[in-house]
Amino acid sequence: MNGGDAVEVPAFLAPRFEPIENIRAHEHVAEQLRRQIRLHLIPVGSALPPERELAAMFGVGRATVAAAIQLLEADELVVTKRGRNGGTFASERTPDSLSYEYLEVRVRRERDRIQQAMTFRGFVEPISAREAARNRTDKEVAHIERACDHIVPGDSPISFLAGDSILHLLIAHASHNMFLVETVEQIRVLLNEAFAVLGTDGSLWRDTRDEHKEIVRAVKDRDEDQAEAAMAKHLALTQERIVELLRDV
């Protein structure tokens, strides 16, 4: 090959362009709210801010927010109640609901994608834990310890999943690396739905308490190697449990 020759690009790496979708404002609002609900940053049963406040937060009109809420209601992610104690609340999908059956179908269809996400998570989150051990503040450690103490295997699967999600997000934020935070969040958005379907009997979470405590202890002690190793061990065991459960879906 001469020095000026261009590198031949294989067909599977050739540039690919997709049609631009005209996403309307209410769909953007719905997607941001959907993300927060799936990450459990808006807990099950808690109220969303009133439409007037959401409109101010997003810089849109109340009609746009109302249209976004309708999309979330259609997905059964929220429920709207009228009256003195009314409002819009994050709802819980239950195993006997139609939406839950729909989730099972999605998990079955996205089995390969879920397994790839679990593998990718095994590379990203140990580094997140290592960076958290190096960069965390005392205030961040307090938040992490409090979150860990509130995760009880005997809780309902949805409560345990919410605590688990928040703990992993707190560790990512303690890394002080925005790319790690964004990546961990992106993976959790996908996996939390799968976890909710696969872990309904609690078997997925039974042995995780000690694994969590080992990670948190290492982050607190600023033991970077141990934090990375403990997180890698925890994720490997979780992946084994998920793969086993996926076989039964």
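Residues numbered from 1 in each chain as written. Predicted model: local features only at pLDDT ≥ 70, side-chain atom pairs only at ≥ 80, totals over all residues. Heavy atoms only, no water.

Student: Quick one: what's the story with the overall build of the chain, residue by residue and with numbers?
Tutor: Helix and strand counts for the chain come out as 10 helices and two strands. The order of α-helices and β-strands along the chain, N terminus first, is α-α-α-β-β-α-α-α-α-α-α-α. Counting every position in the chain, which comprises 249 residues, the buried fraction comes to 40%. Partitioning the contacts of the chain with sequence separation of at least 6, the portion at a separation of at least 24 is 74%. Of the roughly 14400 Å² that the chain leaves accessible, carbon and sulfur atoms contribute 51%. (Helix = DSSP H or I, 4+ residues; strand = E, 2+ residues; numbered from the N terminus. Buried < 20%, exposed > 50% of the residue type's maximum accessible area, 1.4 Å probe, protein only. Contact = heavy atoms within 4.5 Å. Areas by Shrake-Rupley, 256 points an atom, 1.4 Å probe, with all protein chains shown as cover.)

Student: Got a sec to walk through the packing of helix 7 (residues 157-174) against helix 9 (residues 208-220)? Specific residues and values, please.
Tutor: At a minimum axis distance of 12 Å, the contact between helix 7 and helix 9 shows a crossing angle of 20°. Classified by the interaxial angle, the pair formed by helix 7 and helix 9 is roughly parallel. Helix-helix and strand crossings are classified by hand; for helix 7 and helix 9 the assignment is left-handed. Touching F160, D164, L167, H168 and I171 of helix 7 are T208, H212, I215 and V216, all from helix 9. In terms of residue class, the contact of helix 7 with helix 9 is built from five nonpolar, three polar and one charged. (Axes fitted to C-alpha atoms, helices over the stretch in contact; angles between N-to-C directions. Parallel < 35°, antiparallel > 145°, perpendicular 65-115°, else oblique. Left-handed = near helix turned anticlockwise from the far one by under 90°. Nonpolar A, V, L, I, M, F, W, Y, C, P; charged D, E, K, R; others polar.)

Student: A description of the environment of E185 should follow, citing residues and the corresponding values.
Tutor: Inspection of the secondary structure assignment puts E185 in helix 8 (residues 178-198). Here the alpha-carbon distance between E185 and A172, two residues 13 residues apart in the chain, equals 8.7 Å. Excluding residues within four positions of it along the chain, E185 makes contact with R35, L39, L169 and H173.

Student: Run through the pairing of strand 2 (residues 87-90), naming residues and quoting values.
Tutor: Two elements, strand 1 (residues 78-81) and strand 2, share four bridges in a ladder whose sense is antiparallel. In the strand pairing of strand 2, V79 is matched with F89. (Pairing = 2+ DSSP bridges.)

Student: Lay out the nonpolar core in plain terms, naming residues and giving numbers.
Tutor: If you look at the biggest cluster of nonpolar residues, it comprises 19 residues, and the most contacted ones within it are I144, L167, I171, I215, V219, A227 and M231. For this core, the elements supplying multiple residues, two or more each, are helix 5 (111-135), helix 6 (138-149), helix 7, helix 9 and helix 10 (224-247). Beyond its immediate chain neighbours, meaning those up to four positions away, I171 contacts S128, A129, A132, I144, I215 and M231. By size, the runner-up hydrophobic cluster in this structure holds 15 residues, among which are A30, L33, L48 and L54. (Core = buried A, V, L, I, M, F, W, Y, C linked by side-chain atoms within 4.5 Å.)

Student: Requested: an account of the packing of aromatic side chains, with residues and values cited.
Tutor: This model, assessed by the stated rule, comprises zero aromatic pairs. In this arrangement the basic side chain of K81 is found over the ring face of F89, its NZ or CZ atom lying 4.9 Å from the centre. (Phe/Tyr/Trp six-rings, centres within 6.5 Å; stacked < 30°, edge-to-face > 60°. Lys NZ or Arg CZ within 6 Å of the ring centre and 35° of its normal.)

Student: Tell me what's going on with unusual backbone geometry, and back it up with residues and numbers.
Tutor: Negative phi is the rule for most residues except glycine; trans is the rule for most peptide bonds. Of note in the backbone geometry, E76 takes a positive phi value of approximately 60° without being a glycine. Owing to a relative accessible area of 35%, E76 belongs among the partly exposed residues under this scheme. We note that R222 has phi near 60°; this positive angle belongs to a residue other than glycine. In this fold, R222 is placed in the loop between helix 9 and helix 10.

Student: Give me the pattern of salt bridges: which residues, what numbers.
Tutor: This structure, assessed with the given rule, holds 16 salt bridges. The partner of E224 in a salt bridge is R130, and the shortest N-O contact between them spans 3.2 Å. With E224 in helix 10 and R130 in helix 5, this residue pair connects regions lying 94 residues apart in the sequence. R130 sits in the buried class, given a relative accessible area of 18%. Residue D164 is joined to R188 by a salt bridge in which the shortest nitrogen-to-oxygen separation is 3.0 Å. Taken together, the residues span a long stretch of sequence, with D164 in helix 7 and R188 in helix 8 at a distance of 24 residues. Across this residue pair, the class does not change: D164 and R188 are buried. Salt bridges sharing common partners tie together R130, E131, R134, E224, D225 and E228. (Salt bridge = Lys/Arg side-chain N within 4 Å of Asp/Glu carboxyl O.)

Student: Could you give an account of the packing of helix 7 against helix 10, with specific residues and numbers?
Tutor: Relative orientation of the contacting elements helix 7 and helix 10 amounts to 150°, with a least axis distance of 14 Å. As for the relative orientation of helix 7 and helix 10, their crossing is left-handed in sense. Of the residues in helix 10, those in contact with D164, H168 and I171 of helix 7 are M231, H234 and L235. Considered class by class, the residues forming the contact of helix 7 with helix 10 number three nonpolar, two polar and one charged.

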